Amino acid sequence: MLSDCHMHTEFSLDSEANPEAMVESAIRKGLDAVCITDHEDKDYISQGNQWTFDVAQYFTKLRKMQEKYRDKISLRIGVEIGLQPHLGEYYQNYVSQKPFDFVIGSVHLIKAKDPYYQEFFEGRRDGDAYEETFAETYENIKAVEDFDVLGHLDYVTRYGRHQAEEYSYARFADIIDQILRYLIEHGKGIELNTAGLKYGLPYAHPHMDVLKRYRGMGGEILTVGSDAHKPEHVAYDFQKVPELLESCGFRYYTEFVGRKPVFKKL
Ligand SMILES: [Zn+2]
Ligand SMILES: [Zn+2]
């Protein structure tokens, strides 16, 4: 597993990482490709700060770095867009304004609330909050067309009071199948996001049973990312990934270059 397709730098509101430090960490860990995917979460404001960045500055910086590191690593320019049902047109314009290599569509807000904060779970069971999140995810992927893979599909389970206790693929099979089917039919994929392991869950996102189901339904596009916000987390637990994916029926993983999937043998 020699590429990490999901990581953040100081262009994201929740990271202070120097972009060079992220790339140098990847080089030290022997990767041959990385994609930087900073947060563009339109209409998400926390403590007066927008979850957006200056895309012109971003490209200027990362283009220079592509030159600087060209003999050592292939650096790709991506973005993680925060899906919300009213943002279809906004992201269509946003994504087409610059030649991104890769666009992750992630759900960070469910009816304007972030599951990261406990109030999202207040007054109900974790399972109900998960159900609502999956239903909203399905609405989001129908409303926003311009992304390549759905990020961290079951990330909400990281923040539930009892995490995985009220979560299994079987419990939410109907809605998860709808999400997976829609993605497959529209030429999009999912990602394996190893941050689940970093947060103490017994699985990376999504759960192995979801990965197996996706593969069983004919899903082929699957990228792998650490979602690192610090240099030391680049390629987090990647040594576990090939075996995990093989056990779910995958023989290839995917990277994106110029928004086109490139399949690599595991
Ligand atoms: Zn995310
Ligand atoms: Zn991320």
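Conventions adopted
Residues numbered from 1 in each chain as written. Chains lettered and ligands numbered in written order. Predicted model: local features only at pLDDT ≥ 70, side-chain atom pairs only at ≥ 80, totals over all residues. Heavy atoms only, no water. UniProt positions renumbered as here; feature names shortened; annotations may be inferred. Donors = N, O, S within 2.8 Å, 3.2 Å for Na, K, Ca; no water. Helix = DSSP H or I, 4+ residues; strand = E, 2+ residues; numbered from the N terminus. Buried < 20%, exposed > 50% of the residue type's maximum accessible area, 1.4 Å probe, protein only. Lys, Arg positive; Asp, Glu negative; His and termini not counted. Salt bridge = Lys/Arg side-chain N within 4 Å of Asp/Glu carboxyl O. Contact = heavy atoms within 4.5 Å.

The name an unreviewed UniProt entry gives the protein chain is Histidinol-phosphatase, with Sporofaciens musculi as the organism. Word for word, the UniProt comment on the protein chain under Catalytic activity (unreviewed entry) is "L-histidinol phosphate + H2O = L-histidinol + phosphate". Quoted verbatim from the Sequence similarities (unreviewed entry) field of the UniProt record, the comment on the protein chain reads "Belongs to the PHP hydrolase family. HisK subfamily."

Before we move on, could you go through the coordination of the zinc ion (ligand 1) and cite the residues and values that matter?
Within the first shell, the zinc ion (ligand 1) binds the protein through Glu80 (OE), His108 (NE2) and His152 (NE2), at distances of 2.1 to 2.2 Å. Between the zinc ion (ligand 1) and the zinc ion (ligand 2), both coordinated by glutamate 80, there is a metal-metal distance of 3.5 Å. In this pair, glutamate 80 is assigned in strand 4 (residues 74–82) and histidine 152 in the loop between strand 6 (149–150) and helix 5 (173–185), connecting sequence segments 72 residues apart. Glutamate 80 gets classed as buried once you look at its relative accessible area, which sits at 0%.

Tell me what's going on with the side chain of aspartate 227, and back it up with residues and numbers.
Among the secondary structure elements, aspartate 227 is positioned in the loop between strand 8 (222–225) and helix 8 (241–247). Here aspartate 227 sits buried without a salt bridge, and the closest side chain of opposite charge, arginine 158, lies 4.3 Å off (N-O distance). When residues no more than four places from it in sequence are discounted, the contact partners of aspartate 227 are His6, His8, Glu80, His152, Arg158, Asn193, Ala195 and Lys198.

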